[in-house]
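# Structure at a glance
What follows is the residue order along each chain.
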Amino acid sequence: MTAPDGRGAGNDNNGAVTSSRQKLRTAVPPPRRLGDLVGPFPLTVAGAGGPGWADVTVRGVRADNREIAGGELFAAHTGGHVHGARFARAAVDAGAAAVLTDPAGERLLAGDDPLGVPVLVADDVPALLGELAATLYDRPADRLGTFAVTGTNGKTTTVFMLEHALRALGRRTGLIGTVELRVGEHAVPATLTTPQPADLQALLATMVAEEVDDLVMEVSSHALALHRVDPVVFDVAGFTNLTQDHLDFHATLDEYFDAKAELFTPARSRRGVVLVDDDWGRRLAERSATVHPGAVVTLAVHDGTFEDPDWRVREVAADGTGTAFTLVHRDGRTLRTRTGLPGDFNVANAALAAAMVLESGVDPATLGDALAAAGGLSPQVPGRMEQLADAPRVIVDFAHNPGALDKALAALRPTTKGRLVLVFGATGSRDRSKRPEMARVAVDGADVVVVTDDDPHDEPAEQIRAEVLAAARVHVPDATVREIGSRSEAIRTVVLEAGEDDTVLVAGRGHETVQEIAGVDHHLDDREEVRAALVQRAGGHS
Ligand SMILES: CC(=O)N[C@H]1[C@@H](OP(=O)(O)OP(=O)(O)OC[C@H]2O[C@@H](n3ccc(=O)[nH]c3=O)[C@H](O)[C@@H]2O)O[C@H](CO)[C@@H](O)[C@@H]1O[C@H](C)C(=O)N[C@@H](C)C(=O)N[C@H](CCC(=O)O)C(=O)O
Ligand SMILES: Nc1ncnc2c1ncn2[C@@H]1O[C@H](COP(=O)(O)OP(=O)(O)OP(=O)(O)O)[C@@H](O)[C@H]1O
């Protein structure tokens, strides 16, 4: 698993191998006079502004010159690596009709030849960008049903389940998350879990233009802390769980929690559903009772985790590779449904998705009938417990931290008749403290462990593997642990050797298609490797 900061789940594509800048068609918003923006927004015009600057019109806004299609306002603000003003000339050459920047950007531009378009200045561009973009794209979120999910694990799965349920109800959906951006049937790879403000509003405008009914999206804690979803007020927000992660961005777990809790305030959501099976969920429920009284309901999957929850899960029963369950509300409403995805954590994800749809006003009988006809809450979530064969059963999963790996192995053990075989590695140049813990989880949870490469980044791959192997062998000296450095070779070897009753879990990268080794991106998709190995196993040649 990898991302530039090692935490964010965004794809690492930098265009070196496959372009992640595939685009969805962008709706062209109505023109807006620059003069009409000054006043409602704290903007001034740089220099004299040029004759008639106030009558110059812009259509939408983008903060990346590579997204300019023509006629937009280019928002040039400072970043972690570079000031966007460096790209103002390129943006104007691509057709930007005006530029918005801050005083630092104004100074940078003063040193160059005039851009030939009006330049507006604001003290803090990121602070107003969301509201400004919503205005320029005609407030698209107001014309969509809007569902948002936050939490450490389960966001992607829950959002895909939400989409599956809404489509089963005949709704046309738009999806935004780590894996992809999808409008109706068109999908492109995502680079961020939650897009930047201008990109988000442009995408929502495209959804409105494509007659989408409902938006479902992941909202990361980074996004909430960085005001990426301003000024959207979501119809229903959902909270999965919170475990240690992203402490390189949020200084403490409390800060991480506070960022996520933002989603459950009147400024961000009309209603909320909080899973209360962990301490942070219970803390969020308690906080919401005062911050957003009557708007946030609780959902308990397990008994005894919360006193008198609004929704609870009952009558849980194995159902094929997944689970059937009944959602019961204190007011008597019930919904009997299932998920085909394995693991108790997917019961939590499915119950949360179903409760969010019910809290949006859908009648349980209507949802129950729709889901019964759609196989339950059983989307194929790219790279999340994605099953590619059933004898041997071969699964590709995104689990890339000890908690998720433990849950993925535990989910597969009960339905594994033969050996449970795990292929995994650890990400390089990132959080090394996870390695020994993942090694221990691996040898405890699997019968055979093959240690291979994940994304070494700038760290020597054999060194990463050596650390994982050492921890595994210390923890269980006689465990069956092998080392195969090449991930392709490791996957091929294991698939060819597996018995019909075995389960093979290839964990850590899920949907990702780029492996970075010493700064060079290589195309590597675990699912493609598994399929090629299965062809070879069946006697074909791959
Ligand atoms: C910390 C963070 O959020 N960084 C994001 C930020 O990068 P940055 O501030 O360094 O921007 P920069 O590269 O200095 O560029 C400055 C400005 O110049 C513009 N620019 C830049 C280059 C260019 O050619 N043209 C151009 O116009 C940029 O659009 C930007 O406005 O703006 C970039 C452009 O939009 C993002 O790609 C980048 O996300 C990086 C890839 C990232 O890894 N973000 C992670 C931390 C993240 O946001 N993760 C969360 C959480 C995931 C999870 O929960 O697991 C997520 O929502 O994805
Ligand atoms: N509710 C959950 N609780 C704990 N672990 C989960 C849960 N749902 C999924 N997982 C595990 O965590 C991994 C990541 O799940 P998923 O991608 O759905 O959520 P996420 O990590 O929040 O989303 P993102 O991919 O945007 O980071 C899965 O591959 C699975 O192993």
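Only a predicted model underlies this, so the values are computations on that prediction, with no experimental measurement involved.

## Describing the sheet that holds strand β6 (residues 98–101)
With respect to topology, 5 strands assemble into an open sheet ordered β2-β7-β6-β5-β4, the strand pairing being mixed. On the outer flanks of this sheet lie β2 (44–45) and β4 (61–62), each paired with one strand and no other. Judged from the 3 bridges that link them, β6 and strand β7 (residues 119–121) form a sheet pairing that is parallel. Along β7, the bridge assignment pairs Thr-101 with Val-121.

## Quick look at empty space enclosed by the protein
All told, the structure shown has 2 cavities of 30 Å³ or more when counted by the stated rule. Considering only enclosed or pocket space, the largest cavity measures out at about 70 Å³ in volume. As for the largest cavity, its lining consists of His-400, Gly-425, Ala-426, Thr-427, Arg-430, Asp-431, Lys-434, Arg-435, Met-438 and Asp-454.

## Let's talk about the UniProt feature "modified residue: N6-carboxylysine" (unreviewed entry) in the chain
UniProt records the feature "modified residue: N6-carboxylysine" (unreviewed entry) at Lys-260, using the numbering of this structure. Relative accessible area serves as the criterion here: at 1%, Lys-260 is assigned to the buried category. In this structure Lys-260 touches Thr-150, Gly-151, Thr-152, Ser-221, Leu-224, Phe-239 and Leu-242, once residues within four positions along its chain are discounted. A distance of 3.2 Å separates polar atoms of two side chains, one belonging to Lys-260 and the other to Thr-150.

## Here's the deal with the site of ligand 2
Lining the immediate environment of ligand 2, one finds 19 residues, of which Thr-157, Thr-178, Glu-218, Arg-384 and Asp-397 sit closest. At 2.3 Å from an oxygen atom of ligand 2 is found a side-chain nitrogen or oxygen belonging to Thr-178. Taking Asn-349, its side chain carries an N or O atom lying 3.0 Å from a nitrogen atom of ligand 2. Protein coverage of the free-state accessible area of ligand 2, which is 610 Å², stands at 95%. Those elements that provide at least two residues to the shell around ligand 2 are α4 (155–168), α9 (344–359) and α11 (402–412). Counting residues per element, the shell around ligand 2 draws most heavily on α4, at 3 residues. The two domains that each donate at least three residues to the shell around ligand 2 are domain 2 (144–171 + 213–373) and domain 3 (386–537).

## Let's talk about the confidence of the model for the chain
Residue-level pLDDT values for the chain average 92, and 94% of them are 70 or greater. Of the regions scoring below 50 in pLDDT, residues 2–20 engages in 60 contacts with residues more than four places distant in sequence or in other chains. Per the prediction output, this complex has pTM 0.90; the corresponding ipTM is 0.98.

## Digging into the packing of aromatic side chains
Under the criterion given, the structure shown has 2 aromatic pairs. On the numbers, 6.5 Å between centres and 80° between planes, the contact of Phe-239 with Phe-264 is edge-to-face. One end of the pair, Phe-239, is in strand β13 (residues 234–239); the other, Phe-264, is in the loop between α7 (253–261) and β14 (269–275), and 25 residues separate them in sequence. We note that Phe-239, like Phe-264, is buried. An angle of 40° between the planes, with centres 5.2 Å apart, marks the rings of Phe-257 and Trp-280 as tilted. Linking Phe-257 in helix α7 with Trp-280 in helix α8 (residues 279–291), this pair joins segments that are 23 residues apart in sequence. Among the residues examined, Phe-257 registers a relative accessible area of 1% and is labelled buried. With a relative accessible area of 16%, Trp-280 lands in the buried category. In this structure, Arg-384 packs its charged tip against the face of Phe-398, placed 3.9 Å from the ring centre.

## Let's talk about the packing of helix α12 (residues 434–445) against helix α13 (residues 461–475)
With their axes 8 Å apart at the nearest point, α12 and α13 run at an angle of 50° to one another. With respect to their mutual orientation, α12 and α13 come out oblique. You can see that α12 and α13 cross each other, and the crossing is right-handed. Here α12 contributes Arg-435, Pro-436, Ala-439, Arg-440, Val-443 and Asp-444 to the contact with α13, which in turn contributes Ile-464, Glu-467, Val-468, Ala-471, Ala-472 and His-475.

Cut-offs and rules
- Residue numbering note: each chain is counted from 1, following its sequence as written.
- To read the labels, note that chains go from A and ligands from 1, taken in the order they are written.
- For this predicted model, a pLDDT threshold of at least 70 governs which residues receive local features, and a threshold of 80 or more governs which side-chain atom pairs are given and counted, while totals over whole chains, interfaces and linings are taken from all residues.
- Derived side-chain values reflect all non-hydrogen atoms in the structure, with water molecules and hydrogen atoms excluded from consideration.
- A pair of strands counts as paired when DSSP detects no fewer than two bridges linking them.
- The numbering of helices and of strands both runs from the N terminus, where a helix is a DSSP run of H or I of at least 4 residues and a strand a run of E of at least 2.
- Of the two site types, the cavity is a set of points on a 1 Å grid over the protein atoms alone where a 1.4 Å probe fits but cannot get out, and the pocket is an open set with protein on both sides within 12 Å along at least five of seven lines, each lined by residues with an atom within 4 Å of a point.
- Grid points are joined across faces, edges and corners, and a volume is the space filled by probe spheres set on the points.
- UniProt positions are given in the numbering used here, feature names are shortened, and annotations may be inferred rather than shown by experiment.
- Using a 1.4 Å probe on the protein chains alone, a residue whose accessible area is under 20% of its type maximum counts as buried, one over 50% counts as exposed, and one in between counts as partly exposed.
- Any two residues having at least one pair of non-hydrogen atoms within 4.5 Å are treated as being in contact.
- Throughout this description, a polar contact denotes any pair of N or O atoms lying within 3.5 Å of each other; where both atoms belong to protein, one of them has to be capable of donating a hydrogen while the other can accept it, and for residues adjacent in sequence the pair is counted only when both atoms sit in side chains.
- By convention in these notes, a residue is near a molecule or strand provided one of its non-hydrogen atoms lies within 4 Å of it.
- Each accessible area value is a Shrake-Rupley result obtained with a 1.4 Å probe; residue values ignore everything except the protein chains displayed when judging cover.
- An automatic or database domain assignment supplies the residue ranges for each domain.
- Values of pLDDT, which run from 0 to 100, indicate the predictor's confidence residue by residue.
- Two aromatic rings, drawn from Phe, Tyr or Trp (for Trp, its six-membered ring), form a pair once their centres lie within 6.5 Å of each other, and the interplanar angle then sorts them: stacked below 30 degrees, edge-to-face above 60, tilted otherwise.
- Lysine and arginine charges are scored as sitting over a ring when NZ or CZ, respectively, is within 6 Å of the ring centre and within 35 degrees of the ring normal.
- Think of each axis as a best-fit line through the C-alpha atoms, taken over the contacting stretch in the case of a helix, with angles from 0 to 180 degrees between the N-to-C directions.
- In what follows, roughly perpendicular refers to angles from 65 to 115 degrees, roughly parallel to angles under 35, roughly antiparallel to angles over 145, and oblique to any angle outside these ranges.
- The handedness criterion is simple: a crossing whose near helix is rotated anticlockwise from the far helix by less than a right angle is left-handed, and one whose near helix is rotated clockwise is right-handed.

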